Amino acid sequence: MAQAAPSTIAVQPAAAAPAPAGLPHVVVLATGGTIAGAGASATSSATYQAAKVPVDQLLAGLPELGKAARVSGEQVFQIASESFTNEQLLTLARRVQALVRQPDVQGIVITHGTDTLEETGFFLNLVVQTDKPVVLVGSMRPGTALSADGALNLVGAVSVAASPESAGKGVLVSMHDEIHTARDVAKMANIKTSAFASPWGPLGMVVEGKTWWFRAPVKRHTSASEFSIDRIQALPAVDIVYSYANVPGTALDALGAAGMQAVIHAGTGNGSVADRIVPRLNEWRRKGVVVVRSSRIPGGFVLRNAEQPDDKYDWIVAHDLNPQKARLLAAVALTQTRDTRELQRIFWEY
Ligand SMILES: NC(=O)CC[C@H](N)C(=O)O
């Protein structure tokens, strides 16, 4: 399906384009994905190249953006998001943090591939210290396709980032007219333009450039977070092992031997663990690996000491975070502590 263009890193300083005075300045940080994709024909909705169109071209094609904000663009990466690395996450977070510290910047929009958009959004929600709106957006069809969704999604995201009502709500994801907290949202369907959903529902809607809010996040984020990108030099290796009937444990042992610091066990059902995997997880725990029990089921949550005796084994539960979000919270938390009581507190609070 979507093929990746070669990765490039070219951060240019944000220069505001001329627009009516008095409008908020929103910086669009472009990282690639389908929203910057191009296909061979108007019917190529799923067969195309992601990460082709530069940010200047994206913005120049959308004069409607100028109604909501004074918009400037920076090309941070030009990649398909499945290829994001921890180093690129840190680079992006540092750039967002630097921009939100600029008094002349009121909001940030990040254009991103949809495959790992929920991971980048959650990471920024944990480590960027700000009350200013930071909004991620992607699209499911390239701009060259019939009924392309990127243009309206981008106008919506810039409107959300420009709205004072978006402040203090943490990192947001605006797609398909909905506004989600980056903490909860996940890609729940592929191909469809209604790809993103939050297990606890969206926070609001953006319609014709106006935001409508119905709820706000209660978990700790951004300026209320104990984590800061300023104090994170690198992320420790945290990996995910997926469970299924007849799972052999080979992947767990290989990742353990490769030096992972924490393992996210994407268990079945309520985070259940196959009987032959339990002693292996305990063996890695004895060697210092932090064990986090999560579930491969979207929309539920994992309770401590249900399914497995977490207290006895000194394991953590991932609460309602999906495995890929649990990976990032564990990695960020491990930069500060290895204490399992502290780690469990962090999983309850974020
Ligand atoms: N819809 C998309 O953005 C998917 C394109 C690509 N796989 C990416 O995540 O960047």
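You'll find the chain entered in an unreviewed UniProt entry as Type II asparaginase, with Comamonas endophytica given as the organism. Quoted straight from UniProt, the Sequence similarities (unreviewed entry) entry for the chain says "Belongs to the asparaginase 1 family."

(A) Local environment of the sheet that holds strand β12 (residues 262-267). Read across the sheet, 4 strands follow the order β11-β12-β13-β14 without closing on themselves; strand pairing throughout is parallel. In the strand order of this sheet, the two ends are held by β11 (238-242) and β14 (316-317), each with one partner. Note: strand β13 (residues 290-295) against β14, 2 bridges, orientation parallel. Paired with R293 across the strands is V317, a residue of β14. Here helix α9 (residues 323-334) sits on the sheet and contacts β11, β12 and β13; the angle it forms with β11, its principal contact strand, is near 150°.

(B) Main features of the environment of S81. Tracing the backbone shows S81 in the loop between β2 (70-79) and α3 (86-100). In this structure S81 comes out as buried when scored by relative accessible area, which is 1%. Along the primary structure S81 and N246 are separated by 165 residues, whereas in three dimensions their C-alpha atoms are 31 Å apart. In this structure, S81 is in contact with H112, G113, T114, D115, T116 and L117, ignoring residues within four places of it in sequence. Of the polar contacts made by the side chain of S81, one reaches the backbone oxygen of G113; its length is 3.3 Å.

(C) Focus on the sheet that holds strand β9 (residues 204-207). Strand order in this open sheet of 8 strands is β2-β1-β3-β4-β5-β6-β9-β10, and the pairing throughout is mixed. The open sheet has two free edges, formed respectively by β2 and β10 (210-213), since each of these has just one partner strand. If you compare each strand with its neighbour and ignore which way they point, the axes differ by 25° on average. Here 2 bridges tie strand β6 (residues 178-181) to β9, and the two strands are oriented antiparallel to one another. Looking at the pairing, I179 lines up with G204 of β9. The strands touched by α3 within the sheet are β1 (25-32), β2, β3 (107-111) and β4 (134-137), with β2 carrying the most contacts at an inclination of about 165°. Those strands touched by helix α4 (residues 117-127) are β3, β4 and β5 (171-175), and its axis lies near 170° from that of β4.

So, how was this worked out
- Residues numbered from 1 in each chain as written.
- Predicted model: local features only at pLDDT ≥ 70, side-chain atom pairs only at ≥ 80, totals over all residues.
- Heavy atoms only, no water.
- UniProt positions renumbered as here; feature names shortened; annotations may be inferred.
- Pairing = 2+ DSSP bridges.
- Helix = DSSP H or I, 4+ residues; strand = E, 2+ residues; numbered from the N terminus.
- Contact = heavy atoms within 4.5 Å.
- Axes fitted to C-alpha atoms, helices over the stretch in contact; angles between N-to-C directions.
- Buried < 20%, exposed > 50% of the residue type's maximum accessible area, 1.4 Å probe, protein only.
- Polar contact = N/O pair within 3.5 Å; in protein donor to acceptor, adjacent residues only side chain to side chain.

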